[in-house]
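As a plain string of letters, each chain reads:
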Amino acid sequence: MVLPGHSTQVFMYNWSLPPHFSDILPNKAWQIEVLRNQWLQMAHSYGYELVIPPMLEFAETLLTLQSPSLEMKSFRIVDPLTGKQLVLRADITNQIARLDGHIFRKEGVTRLCYCGPVVLTYPEDEWGQREALQWGVELLGHDPIEAEVEIIQLALKGLQACGLDKIILQISHTGVLASILAGLALSKDEH
């Protein structure tokens, strides 16, 4: 860049990103957008309604819903309008709980889906990104086992939409696993 009166002096800027952040360039960005749209359409076909919670929320609201591990992963800033502490979301799931508990407040089943960016103070591993696109569905007020089955079906279809054909499903919740095994009528040796 040449400034007026400095005919040959060039200023170089250090245009770098913070560690574990990266640009998503055109080809990859279009792939992500196509998959995002497919996932949201699939969730909608199951009756899930799309919500888009804000990137920032008051810490006093959002952090009461989060686990301590997510508190450590959440960026915090002070809102110049209110003077209150804000949190840049590290997970959307807790915002859905807030929406269900304070906005929808209806009897019966609520199906909500979302897809938006989340930002972490630290990456999950040494190669991980600190900004990600989180897609999810939340089935609230439904029979827990039926809800788990529906969510698992959606997750598997979403992964298949990504072109993955060798999917391994790990279930670590003992209640869900016990119910699935009970429904299979396995012998004692097979348990």
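For the structure, check the block above.
Since this is a predicted model, take the numbers as computed values, not measurements.

A. Focus on the overall build of the protein. The helix and strand tally for the protein stands at 6 helices and 6 strands. Traced from its N-terminal end to its C-terminal end, the protein shows the element sequence α-β-β-α-α-β-β-α-β-β-α-α. When burial is assessed residue by residue, the protein has 26% of its 191 residues classed as buried. Of the contacts made within the protein by residues no fewer than 6 positions apart, 66% connect residues no fewer than 24 positions apart. Of the roughly 13400 Å² of accessible surface on the protein, a fraction of 59% belongs to carbon and sulfur atoms.

B. Examining the sheet that holds strand β5 (residues 110–119) more closely. Taking strand neighbours across the sheet as the criterion, the 3 strands line up as β1-β5-β6 in an open arrangement whose pairing is mixed. The open sheet has two edge strands, β1 (49–50) and β6 (131–140), and neither has a second partner. Across 2 bridges, β1 lies against β5 in parallel orientation. Looking at the pairing, Glu 49 lines up with Leu 112 of β5. The strands touched by helix α5 (residues 144–161) are β5 and β6; relative to β6, the strand with the most contacts, the crossing angle is about 145°.

C. The arrangement of the packing of aromatic side chains in detail. By the definition in use, this model includes 1 aromatic pair. Taking the centre distance of 5.4 Å and the plane angle of 45° together, the rings of Trp 39 and Trp 135 count as tilted. One end of the pair, Trp 39, is in helix α1 (residues 26–45); the other, Trp 135, is in strand β6, and 96 residues separate them in sequence. The same class applies to Trp 39 and to Trp 135, which are both buried. Sitting over the face of the ring of Phe 58, Lys 84 holds its NZ or CZ atom 5.0 Å from the ring centroid. Arg 111 extends its terminal NZ or CZ atom over the ring of Tyr 48, reaching a point 5.8 Å from the ring centre.

D. Spatial organisation of helix α4 (residues 93–104). Taking 1.5 Å per residue as the helical rise, α4 with its 12 residues ought to reach 16 Å, and the 15 Å between its terminal C-alpha atoms agrees with that figure. On its buried face, α4 sits against β2 (56–58), α2 (59–62), α3 (68–72), β5 and β6.

E. Main features of the layout of surface pockets. Each pocket or cavity is described by its volume, and for the largest pocket that value is around 460 Å³. Around the largest pocket sit 16 residues that line it, and Ile 24, Ile 32, Glu 131, Ala 132 and Leu 133 are the ones nearest its centre. Sorting the residues of the lining of the largest pocket by element identifies α1 and β6 as the ones contributing at least two each. The dominant element in the lining of the largest pocket, judged by the number of residues it contributes, is α1, at 8 residues. Split into classes, the residues belonging to the lining of the largest pocket amount to 9 nonpolar, 3 polar and 4 charged. When its volume is computed, the second largest pocket comes out at roughly 170 Å³. Lining the second largest pocket are Trp 135, Val 137, Glu 138, Leu 139, Leu 140, Ile 151, Leu 154 and Ala 155. When contributions to the lining of the second largest pocket are tallied by element, the ones reaching two or more residues are β6 and α5. Tallying contributions element by element places β6 first for the lining of the second largest pocket, with 5 residues. Here the lining of the second largest pocket is composed, by residue class, of 7 nonpolar, no polar and 1 charged.

The rules behind the values
- Residues numbered from 1 in each chain as written.
- Predicted model: local features only at pLDDT ≥ 70, side-chain atom pairs only at ≥ 80, totals over all residues.
- Heavy atoms only, no water.
- Helix = DSSP H or I, 4+ residues; strand = E, 2+ residues; numbered from the N terminus.
- Buried < 20%, exposed > 50% of the residue type's maximum accessible area, 1.4 Å probe, protein only.
- Contact = heavy atoms within 4.5 Å.
- Areas by Shrake-Rupley, 256 points an atom, 1.4 Å probe, with all protein chains shown as cover.
- Pairing = 2+ DSSP bridges.
- Axes fitted to C-alpha atoms, helices over the stretch in contact; angles between N-to-C directions.
- Phe/Tyr/Trp six-rings, centres within 6.5 Å; stacked < 30°, edge-to-face > 60°.
- Lys NZ or Arg CZ within 6 Å of the ring centre and 35° of its normal.
- Expected span 1.5 Å × (residues − 1).
- 1 Å grid on protein atoms, 1.4 Å probe; cavity = no way out; pocket = protein on both sides within 12 Å on 5 of 7 lines; lining within 4 Å.
- Points joined across faces, edges and corners; volume = space filled by probe spheres on them.
- Nonpolar A, V, L, I, M, F, W, Y, C, P; charged D, E, K, R; others polar.

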